[in-house]
Number of protein chains: 2
Amino acid sequence: MGTKDQTNTGQHDRVLDELGTRITSGEFPPGHTLRIEQLETRFTASRSVIREAIRVLESMGLVTSRRRVGVTVAPRTAWNLFDPRLIRWRLNGTDRPALLLSLGQLRHGVEPAAAALAAHHATPEQCGTLTGAVMQMAVHGRSGDLHAYLDADILFHRTLLAASGNEMLAALADVVAEVLKGRTGHDLMPAHPEPAAIRWHAEVAQAIQARDPHAAERAMRDIVDEATRATQHPPA
Amino acid sequence: MGTKDQTNTGQHDRVLDELGTRITSGEFPPGHTLRIEQLETRFTASRSVIREAIRVLESMGLVTSRRRVGVTVAPRTAWNLFDPRLIRWRLNGTDRPALLLSLGQLRHGVEPAAAALAAHHATPEQCGTLTGAVMQMAVHGRSGDLHAYLDADILFHRTLLAASGNEMLAALADVVAEVLKGRTGHDLMPAHPEPAAIRWHAEVAQAIQARDPHAAERAMRDIVDEATRATQHPPA
DNA sequence: CTCACCCTAAAGGTATGATTAATTGGCCGT
DNA sequence: ACGGCCAATTAATCATACCTTTAGGGTGAG
């Protein structure tokens, strides 16, 4: 004891965030080994707290813990890159551009497939949400309100992934949302969004309502490809 | 040695596996709350062990822990479905068919895209590994050694995903491997694998070596579609 | 009768002592 | 002189005692 905590609840989360950030940023490179006693003093926390954080990092594949050796930072190939916490740490770090490219290519594969499935499984409510989101995008795209545009864009993609009826695809909604947010937040968007993008969104919504999987898939592919292209070649 | 060592020396992993299985199987349904003291006696383990397991489950989104109330099982929408451990638990549970369908649809989107990227980025070593894996599949497919066939199949897909040059796609290798293992381990494979599957694998390897993204993508799509179809209509 | 405040105990969170396993280095046998 | 085996050391792992928070009921004033 002795040290007064400035944060009442969340010793564990504090240490976990700190460690995760240090590791993903490269301050603790793969192969480097840490001793838990050293971490106790570094973060002024007890072994329980450190150990629980280490256990979580281990479950993410970030580190491996071996007796008599210490906690070793694992090679990047062992990392569980789909963990939302890990994605957040990396989006705040230096390899943000590379990560956005990787996520764009992932979307290229996933979202058209989800659109095709949604053409089969979407409920009337979901169709309504999709068309509503497109209208919001059109309105705020013309007025230049990028924040409202972003919200509608996120709603559109989240609804579409949920409408696929596939829980794994639906689970990717948070990842896609992070990508969209990252694009707007780092000035990778023009002052007025590409009119073609809005048109493609409308095409997807229409195709899904018309139960046309092929058209939905193709239009969605156009959306994602344009988005990835725009991310790689910023307008500014 | 087919499956990864699950019997690692450690109380922690045992408790984690037990709890994860119970939760995913529905024995502890969402909304149900557990007390740590109760779990201590149930698993004859100490508080630290239980707590560390709980912390890992919490990081997977399976449970939330609140003071004075206990550990509450989270709704399924909060679960981090891409965690390999969670996938393994669910593949051993009752909703295995539905999960295999979801994963098949995911592969349908992801693996063809990875094949197309691999046609651009694959190194000569990776091309060699791919063709080698195909040869192993042909040999063991004819001899009926399903275990060796499985290893070669996993190696093929893992190498292809790595060759895409995209870390997110490469990270899905464990997921795909779990699907393939699950298929063989639960007698969803015929005694001799589909000859067409082996031919398509060979086509993918050839197309990648020839730097033909479109052909690679199409052949890979054939592979995944056949695999999903086969898992939905078991031969037995 | 209702509401607000406080007070208690129940349960998770934290800190530290005890245990076990694995690496290192020295010693003995060949 | 070289290689394998044993023990001493070290750091993770396990166990337990203590602290902090908060749900939920009880009490008193309005």
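This structure is a prediction, so every number in the text was calculated from the model and none was measured.

Moving on, we get to the sheet that holds strand β3 (residues 70-73) of chain A. Residue and element names in this part refer to chain A. Ordered in space as β1-β3-β2, the three strands form an open sheet in which the pairing is antiparallel. Only two strands of the sheet have a single neighbouring strand rather than two, namely β1 (33-34) and β2 (63-66). Across two bridges, β1 lies against β3 in antiparallel orientation. Along β3, the bridge assignment pairs Thr33 with Thr72.

On to the relation of the copies chain A and chain B. In the superposition of chain A on chain B (RMSD 1.1 Å, axial shift 0.7 Å), the rotation amounts to 179°. With respect to symmetry, the two chain copies, as superposed, fit the operation of a two-fold axis. The overlap is high: 100% of the interface residues of chain A also sit at the interface in chain B, so the same surface is used on both sides.

Lining the immediate environment of DNA strand D, one finds 22 residues, of which Ile36(A), Arg68(A), Gln11(B), Ser46(B) and Arg67(B) sit closest. Sugar and phosphate atoms constitute 66% of the interface atoms of DNA strand D, taking the interface as everything within 4 Å of the protein. Within the side chain of Ser65(A), an N or O atom sits 3.2 Å from a phosphate oxygen of DNA strand D. Here Gln11(B) contributes a backbone N or O atom positioned 2.8 Å from a phosphate oxygen of DNA strand D. Elements supplying a minimum of two residues to the surface near DNA strand D: α3 (47-59), β2 and β3 of chain A together with α3 (47-59) of chain B. Here the residues of the surface near DNA strand D sort into four nonpolar, seven polar and 11 charged.

Now for the protein's contact with DNA strand C. By nearness alone, 21 residues border DNA strand C, and Arg47(A), Ser48(A), Arg47(B), Arg51(B) and Arg68(B) come closest of all. Expressed as a percentage, the sugar and phosphate content of the atoms of DNA strand C within 4 Å of the protein is 64%. Ser46(A) is positioned such that a nitrogen or oxygen atom in its side chain is 3.1 Å from a phosphate oxygen of DNA strand C. The set of elements that each furnish at least two residues to the surface near DNA strand C consists of α3 of chain A together with α3 and β2 (63-66) of chain B.

So, about the pairing of β2(A). Residue and element names in this part refer to chain A. Bridging between β2 and β3 involves four bridges; their strand directions are antiparallel. Within β3, the position partnered with Val63 by the bridge is Val73. Here β2 folds back onto β3 in antiparallel fashion, the turn holding three residues, of which Arg68 has a positive phi close to 70°.

Here the focus is the domain arrangement of chain A. Looking at chain A, the domain boundaries give domain 1 (11-78) and domain 2 (96-232). Once you take the C-alpha centre of each, domain 1 of chain A and domain 2 of chain A turn out to be 36 Å apart.

Before going further, it helps to spend a moment on the sheet that holds strand β3 (residues 70-73) of chain B. In sheet architecture, strand pairing relies on hydrogen bonds along the backbone and comes in two forms, parallel and antiparallel. Here we have three strands laid out as an open sheet, ordered β1-β3-β2 (chain B), and antiparallel in their pairing. Of all strands in the sheet, those with a lone pairing partner are β1 (33-34) and β2 of chain B, marking the two edges.

Reading guide: rules and limits
Residues numbered from 1 in each chain as written. Chains lettered and ligands numbered in written order. Predicted model: local features only at pLDDT ≥ 70, side-chain atom pairs only at ≥ 80, totals over all residues. Heavy atoms only, no water. Pairing = 2+ DSSP bridges. Helix = DSSP H or I, 4+ residues; strand = E, 2+ residues; numbered from the N terminus. Least-squares fit on C-alpha atoms with pLDDT ≥ 70 in both. Contact = heavy atoms within 4.5 Å. Near = heavy atom within 4 Å. Polar contact = N/O pair within 3.5 Å; in protein donor to acceptor, adjacent residues only side chain to side chain. Nonpolar A, V, L, I, M, F, W, Y, C, P; charged D, E, K, R; others polar. Domains from an automatic or database assignment.

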